[in-house]
Amino acid sequence: MILDAKIPEGPIAEKWTRYKATIPLVNPANKRNIEIIVVGTGLAGASAAATLGEMGYKVKAFCFQDSPRRAHSIAAQGGINAAKNYSNDGDSVHRLFYDTIKGGDYRSREANVHRLAEVSTAIIDQCVAQGVPFAREYGGLLDNRSFGGVQVSRTFYAKGQTGQQLLLGAYSALSRQIGRKQVQIFSRHEMLDVVIIDGKARGIIARDLITGKLERHFGHAVVLATGGYGNVFFLSTNAMGSNTTAIWKAHKKGAFFGNPCFTQIHPTCIPVSGDHQSKLTLMSESLRNDGRIWVPKKKDDSRKAVDIPEEERDYYLERRYPAFGNLVPRDIASRAAKERCDAGYGVGSSKMAVYLDFSDSIRRLGKDVIEARYGNLFEIYEKITGEDPYTTPMRIYPAVHYTMGGLWVDYNLMTTIPGLYATGECNFSDHGANRLGASALMQGLADGYFVLPITIGEFLSKDIRTKAIPTDHPEFEKAEKEAQERIARLMSIKGSKPVDHFHKELGKVMWEYCGMARNAEGLQKAKKMVQDIRTSFWKEVIIPGSADETNQELEKALRVADFLELGELMIDDAFDRNESCGGHFREEYQTEDGEALRDDNNYAYVSAWEYKGDNQAEVLHKEPLVFENVKLVQRSYK
Amino acid sequence: MKITLKVWRQQNGKTPGNFNTYTLPDVSEDMSFLEMFDVLNDELIRKGEDPIAFDHDCREGICGMCSMYINGRAHGPLTGTTTCQLHMRHFNDGDTIVVEPWRASAFPIIKDLMVDRSAFDRVIQAGGFISVNTGNAVDANSIPIPKEDADKAFDAAACIGCGACVATCKNASAMLFVSAKVSQLALLPQGQPERHLRVKKMVEVMDEEGFGNCTNTGACEVECPKGISLDHIARMNRDYLVSNIVD
């Protein structure tokens, strides 16, 4: 199969406009007869479901949470980027496009990223119209802040709760369509498989998490907006329920998986405190606007932070990257923290932490200003650690946060299965090998409000004569039976170890060998380890209760079974990519001063993996990345 | 720390429930309350017993999914804190802690500590939005909003929809939740065209769903993990009155 990204002709700045003007449409009378399934109700899913409903399509939306308002987009803190240039600092669509391509270390697709930058401004307008209470200046106009990897202020925010406010905006638009009966909502439902009929995605199998019953749902098209797979590492900033099942099942049915090894490790998270830890908590990147990162100059310095005089502190980001200082991109800040801790300069009892210090800013701006900007974040920090960041520097360490990889999609956001779309974090498309801060919210809403509802017309316009397919079709029966058998097999193991045991084991291997730094030898070792954990999982896991009732252990087991397969593919992908780029740091490939060393001659491609069957090696396809508008250079923030 | 837990167990909405007692001999003070439940569940599963079902997701105090009634208080003893952000350092060695689900007839029990809060969604579906289709918006800065109003609207919009207000209210009233949304949109210029219709529709569905009446005891404000103020209830009452007069 030859990958066709279907990038429209024409100069980059005109592609989207021209394409929109020529895309086939579905007329309103026909939209009424077309059903679309949207899985996931985060920013990408809720905005898509709402918009498709407004357009007149019949939509079914699914989420595993008890309400669509709880999807994990809600936890995004810092902000959302848009090329509004309200700050009059020289921002433009081109600059946002360029920053995103460069920030992604030249491993994303130009046409998609440019479109993202173009629609970014409309997102802010839409959200304000919905009543999203962004931060404002005293003149009543919108305020902006800076984020990592850029030199303009283009980030719109609502305190440290921007994701919450944007999601509640999308949720309100979705709720409106549910009230109008344009959208039917299925909460506490988990998608377990996609149903393919005559080569097209035509529905899903979902499990009602309360009754345990399997359900069949038809759709002329299926949109996945199911988020990232960072929980493959067990400990991450993702919500406990975030999982890969929907996209992994789609992958096994024929959707190629793009760049699975591209994982974002966020530099500023609260460090691990013990074995009981269930998740990690992010401290927003926006804190690096006013916080300075440092470690002691002396190894194993056990003095309290406040007792270490100024001249004995190493502000290593400011030292190494004077142009961007504390606001270097995430991959660079994370590696720099790891480097210092590995070299013995870490702080705290575990020595695996660095300081994020606000004392300078508090002196300069006053405590009130800092409190207004970051009050809720400081509170979260104090609740978790019991320490007051107004008087003691925060201790932070990198943690798994976001996955740039995901299902491969073309310009229409369609996967390699016709009629199956992937939007938001669950596709691979816009962030290359490293995502810039405040760009995830932008992409989720761009895809859901402004891109997918239009591009999906290309597929659906050919389907206006297709009647709803009854769910007693043999393909529905087959898919349900497969899901049923998998559940029955899991329930029948009756081993001795809980699901979490295997999930933690997997997480340790992934973090150690496929985390912030990777090398060929370690990856080979890890592949075997993951296979072994998978084997013992299917022999030794225990799931109490039955499958015909509310059973949270069964839910976890189904998710972890898929993580155990995905983990191996991530390792394969990291092993294949003999270069360092963005968040993918192969220790064999680095510059003399420890920066990522790309190999554009051999690796300027998207890896798109094709599933070939259980226990068979996946086949790698390559989509070459062509850069016509940006010159490939060694990424520098010095 | 040694902790004794008395936890409400109930197989499903149709069967009666009861308290079960569990003892945890070695709880770390750095654990969150939910991590303590993880440890207990791990133990139960290894013994082949049914683990305790409870709702949780983000574990950073923002998704609003966690919902435990701890020692007679929604989300436990700390103010401004969700259960997932409550740490064991706020308890003492030897404590006995009683854990129940949210109790309100509009929030039926699903299993153990899980309840069905979809009534909240239906209230929002009735009118908790501004009717603006995608693509209809004007430039964001063409609607200047005084900072003070924007900040007040934000404070109302910070509601996480957890239901602590309902759980803690002796009447199981949802006034704080409903008024937070009514108030957020009433404070903003974008919310004006539908202001009166919105409050009427939302209150109507709130009543249909079986939430109780408000008697201004203020318990909801005390227990709200996001500090949503009673002022919003006052604002909603005023808007509701005006909307009836306007008709």
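Refer to the structure above for everything that follows.
Residues numbered from 1 in each chain as written. Chains lettered and ligands numbered in written order. Predicted model: local features only at pLDDT ≥ 70, side-chain atom pairs only at ≥ 80, totals over all residues. Heavy atoms only, no water.

### Describing the pattern of salt bridges
All names here are of chain A.
Part 1 of the argument: Within this structure, the stated rule accounts for 74 salt bridges over all chains.
Part 2 of the argument: In this structure, the salt-bridge partner of K478 is E475, at a minimum N-O distance of 4.0 Å. With K478 and E475 both in helix α13 (residues 474–493) and 3 residues apart, the pair spans about one turn of that helix.
Part 3 of the argument: For K478, a relative accessible area of 47% puts it in the partly exposed group.
Part 4 of the argument: Take E475: its relative accessible area is 28%, and that puts it in the partly exposed class.
Part 5 of the argument: Here E595 makes a salt bridge to K638, at a shortest N to O gap of 4.0 Å. On the criterion of sequence distance, the pair formed by E595 in the loop between α16 (552–576) and α17 (600–603) and K638 in the segment after β19 (619–624) is long-range, its members being 43 residues apart.
Part 6 of the argument: Within this structure, D105, R107, D331, R335, R577, E579, R598, D600 and R635 form a network of salt bridges that share partners. (Salt bridge = Lys/Arg side-chain N within 4 Å of Asp/Glu carboxyl O. Helix = DSSP H or I, 4+ residues; strand = E, 2+ residues; numbered from the N terminus. Buried < 20%, exposed > 50% of the residue type's maximum accessible area, 1.4 Å probe, protein only.)

### A closer look at the nonpolar core
Part 1 of the argument: With 262 residues, the main nonpolar core has L224(A), F537(A), F33(B) and F37(B) as its most contacted residues.
Part 2 of the argument: Apart from residues no more than four positions distant in its own chain, L224(A) is found in contact with V39(A), M191(A), A246(A), I247(A), A250(A), L407(A), L420(A), Y421(A), A422(A), T423(A) and C426(A).
Part 3 of the argument: Residues W294(A), I308(A), Y315(A) and V347(A) belong to the second largest nonpolar core, which totals 7 residues. (Core = buried A, V, L, I, M, F, W, Y, C linked by side-chain atoms within 4.5 Å. Contact = heavy atoms within 4.5 Å.)

### Looking at the sheet that holds strand β1 (residues 35–39) of chain A
Residues and elements named next belong to chain A.
Part 1 of the argument: An order of β5-β2-β1-β9-β17 is seen for the 5 strands of this open sheet, with the pairing classed as parallel. Sheet topology places β5 (183–186) and β17 (420–422) at the edges, where each strand pairs with a single neighbour. The mean angle between the axes of side-by-side strands here comes to 20°, regardless of whether they run parallel or antiparallel.
Part 2 of the argument: Pairing of β1 with strand β9 (residues 221–224) involves 4 bridges; the strand directions are parallel. Across the sheet, residue V39 finds its bridge partner in β9, namely L224.
Part 3 of the argument: Seen against the sheet, helix α12 (residues 440–460) touches β1, β9 and β17 and runs at an angle of roughly 150° to β9. (Pairing = 2+ DSSP bridges. Axes fitted to C-alpha atoms, helices over the stretch in contact; angles between N-to-C directions.)

### A short note on the interface of chain B and chain A
Where the parts come together, the accessible area they lose is often given as the size of the interface.
Part 1 of the argument: On the chain A side, the residues contacting the 74 residues of chain B number 74 residues.
Part 2 of the argument: For the pair chain B and chain A, the summed buried area comes to about 6000 Å², and 53% of that belongs to carbon and sulfur atoms.
Part 3 of the argument: Of all residues in chain B, E60(B), T134(B) and F154(B) give up the largest surface area on contact with chain A, accounting jointly for 12% of the area buried on that side.
Part 4 of the argument: On inspection of chain B and its partner chain A, the count reaches 4 salt bridges.
Part 5 of the argument: We note a salt bridge from D139(B) to K84(A), for which the minimum N-O separation is 2.9 Å.
Part 6 of the argument: Of all elements in the fold, only α1 (33–46), β6 (109–111), β7 (114–115), α2 (118–127), α3 (147–157) and α5 (175–186) of chain B reach the threshold of two or more residues within the side of chain B that touches chain A. (Buried area = accessible area lost by both parts, 1.4 Å probe.)

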